[in-house]
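A look at the structure
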Amino acid sequence: MGHPVVAVAIVFVSAAIAMAASSQYSHHPLDPLTATEITAIRAAVLASPLVPARPLFFHYVGLDEPDKPDVLSYAYGAADAAATSSQMTLPRRAFVIARAGGQSHEFTVDIAADNASVLSHAVHRGPGFPMFTDEDQIAAMALPYTYPPFVESVRRRGLDVGEVGCGVLSRGWFGAEQPAYGGARVVKMKCVVVDYNATANIYARPVEGVVMVVDLDRMAIIGYRDRAVFTVPKAEGTDYRADKVGPPFTGPAAPPGVVTNGIDQIGGKVSRAHGAGSADESFWHEQQGKKTRIISLASVNDTDAGGLKRRVLYRGFVSEIFVPYMDPEEEWYFHTFTDAGEYGLGALASQLQRGADCPANAVYMDGYYAGSDGKPVKAEDVICLFERYAGDVAWRHTNGIGLGGLFSEVRPDVTLVVRMVVTVGNYDYTLDSEFKTVGSIKIMVSLSGILEMKAINYTHVDQIREDTHGTLITENTIGVYHDHFVTYHLDLDIDGTRNSFIKNNIVPKRNTGVRATGGAPTPRRSYWTVLYEVAETEAEGQVNINSAPADLLFVNPSKKTKIGNEVGYRLIPTGATAMSLLADDDYPERRASYTKKQVWVTPYNKSEKWASGLYAEQSTGDDNLAAWSKRNRSIKDEDIVLWYTVGLHHVPYQEDFPVMPTISGALEVRPSNFFERNPLIRTKPPENSPNCSCSIGGSA
């Protein structure tokens, strides 16, 4: 067929989600760690004499990816990919963060051989801690039940301690204005009423006014405060389970979606048939070990150039999710979560419901991640892939009445979707990567789940005489104002690694009546034009996309079309362009200062992956995207990375209760002078096209 096909290697990271590779094929350099490898890594770390302290808990187990030039040589260095694979062997290593003896230990582990071995060890001595483990949270959640002050607080509210459950909340970092607790790994805990017979919506029934401080290494409550008693919201009307809200149900059941052609999975390789005459798309899995799925080695097959495989994206993934709440009160001020760095995303991946989360006939993938004991844990059906035709149009035109008569040409749009859902406490994030036949990549995040709610004594808005920092969404319940900032790391390689960031600024002009070509003046008084600006340094690569109209492009200055335009891809934001409104000197903003701009461009650096830093829990902002960019490195004609933040200011409304309908934000990178013409012009028309005399079933 005459249209390009986006060919990608899809790789998955987690805390850690690792898609299991088949034993029947050799490793791709970005393949995930297998269950066998995770087991070997655990054994090597536990056997190492470098850290004798016990117990030892695993917080991060991930692939220590080979150097980028080596991976590119492996993937693109020879015309015959199979020959390349057999001729080149890259190191197979893992990076591990583990806690023992009150310290964070970093290991590099060689897993190329049958028996893994520790290559290096270091102790992290800077600020911040690795993300929480399940072991941390489960052990902490058990502490309140035997803590007398808590038992008394529950009794004061007319509850029994057996009716209450508590959860671990990161406490953030607030400098000298927050107790230091000797630099300990400290969290806070708050509680809710848990009665699943009454409601599954435990977040709707907070035990307001009570906050505990827990030392995770000592596993002890070291601080406690019961400031005031608030009415516990009732359970009635809060449940969202089908058997509790109906029948009767309204409207017809939603159809399971439309899937075309299908996707085949053989071992660790996935391919999809895109239609007669088109190339397949291939996928390899990678496990990076920290946060979430990674898309790697995306390229397009340019059929007008003889099927040439042209590079677009080296790696793309969610780097961080920053969620600050807007209540400065004692029980709420610290609700400023960096979800990926503090809790991890991969290990929180939800099992997808077939026919609901994904359409019929989608392909599903299982995964493995390392538990806190280092053993592999299997997660089933956490990724789905499907082709989607939702009635969208790839291109069309109707010719008006004229010499040729009236006729229309229409081509349907079919896309490939890769989906993962992560549930971080009360919120569910649906993470989609959509590959379009035009060569564009659309990345969407969709939010649903349950609001974080605050108990209050008001039952009607007419009673309110103060700033409640949220919306009264039902009796005695405030949905607290908050933000969602989802930051993506997109290492674009447009036709190669040496790229530049271009701002095509759209500038209004006044028509002076002077005609450069000597034509007569016209009555037109204004117009706009484009001023081409090349970003030289990182400072010039920071953009607030709401400030002034511009097309933002990533181009390869050494590659041009036949008529001389630089080949490139442009960035297209799709809604959700909010940026942080917190003061620059506020502690949460210092930790996530990169949320002041939606766009940052940095030179590629293998160690710069996580926008909030490797040790985000209680981080100080000294190791994050904004801190790295202060070096103001060159980004012109370099290997550069786009960081883009999808931002939402969330003012809750009653429709968000008891469970929130999905809202979405997205970005798209789309070919811009990358092809010589519309690459879909030779796409086969539908079988019922009145203007086609070709054989639809034959090859193009």
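Below or above, wherever it landed, is the structure these notes cover. Not measured: the values here are computed from a predicted model.

As a further point, take the pattern of salt bridges. As a working rule, side chains carrying opposite charge can pair if their charged atoms are close by. Under the definition given, this model contains 38 salt bridges. The salt bridge involving Lys606 is made with Asp64; its shortest N-O contact spans 3.9 Å. Taken as a pair, Lys606 in the loop between β31 (599–603) and α9 (625–629) and Asp64 in the loop between β2 (57–63) and α2 (68–76) lie far apart in primary sequence, 542 residues in all. Judged by relative accessible area, which is 26%, Lys606 ranks as partly exposed. We note a salt bridge from Glu538 to Arg633, for which the minimum N-O separation is 2.8 Å. Placement of the pair is Glu538 in the loop between β28 (526–534) and β29 (550–560) and Arg633 in the loop between α9 and β32 (640–650), with a sequence separation of 95 residues. Among the residues examined, Arg633 registers a relative accessible area of 17% and is labelled buried. Each member of the salt-bridge network shares a partner with another, and the members are Lys68, Arg311, Asp491, Asp493 and Asp639.

So, on to empty space enclosed by the protein. Going through the model one piece at a time under the given rule, you end up with two cavities of 30 Å³ or more. Each pocket or cavity is described by its volume, and for the largest cavity that value is around 120 Å³. Arg293, Ile295, Gly316, Phe317 and Ser433 are, among the 16 residues lining the largest cavity, the residues nearest its centre. Counting residues per element, the ones that place at least two in the lining of the largest cavity are β13 (293–302), β14 (308–324), β21 (427–436), β22 (441–449) and β26 (482–492). Taken as a whole, the second largest cavity encloses approximately 60 Å³ of empty space. Lining the second largest cavity we find Glu65, Tyr314, Arg315, Phe317, His489, Asp491, Tyr604, Asn605, Lys606, Glu608 and Lys609. Of all elements in the fold, only β14 and β26 reach the threshold of two or more residues within the lining of the second largest cavity. Counting residues per element, the lining of the second largest cavity draws most heavily on β14, at three residues. The residue inventory of the lining of the second largest cavity, partitioned by class, reads three nonpolar, two polar and six charged.

Following the criterion strictly, the structure yields two disulfides and no others. One disulfide in the model links Cys166 with Cys191; its S-S distance is 2.1 Å. Measuring handedness by torsion sign, the sulfur bridge of Cys166 and Cys191 sits at about 95° and is right-handed. Highlighted residues: Cys166 in strand β6 (residues 164–170) and Cys191 in strand β7 (residues 186–193), separated in sequence by 25 residues. Considered together, Cys166 and Cys191 belong to a single accessibility category, that of buried residues.

Cut-off values and rules
- Counting restarts for each chain, with residues numbered from 1 along the sequence as it is written.
- The predicted nature of this model means local features are confined to residues of pLDDT at least 70 and side-chain atom pairs, given and counted, to a pLDDT of 80 or more, with totals for whole chains, interfaces and linings taken over all residues.
- Think of the side-chain values as coming from all heavy atoms in the structure, minus any hydrogens and water.
- By definition here, a salt bridge exists when the distance from a side-chain nitrogen of Lys or Arg to a carboxyl oxygen of Asp or Glu is within 4 Å.
- Helix and strand labels come from DSSP, where a helix needs a run of H or I of at least four residues and a strand needs a run of E of at least two; each type is numbered from the N terminus.
- Buried residues are those whose accessible area, probed at 1.4 Å on protein chains only, stays under 20% of the maximum for their type, while exposed residues exceed 50% and partly exposed ones sit between those limits.
- Any residue with an atom within 4 Å of a point lines the site, the site being either a cavity, points on a 1 Å grid over the protein atoms alone where a 1.4 Å probe fits but cannot get out, or a pocket, an open set with protein on both sides within 12 Å along at least 5 of 7 lines.
- Grid points are joined across faces, edges and corners, and a volume is the space filled by probe spheres set on the points.
- Just so you know the grouping, Ala, Val, Leu, Ile, Met, Phe, Trp, Tyr, Cys and Pro go in nonpolar, Asp, Glu, Lys and Arg go in charged, and all remaining residues, Gly too, go in polar.
- The disulfide criterion is simple: two cysteine sulfur atoms within 2.5 Å.

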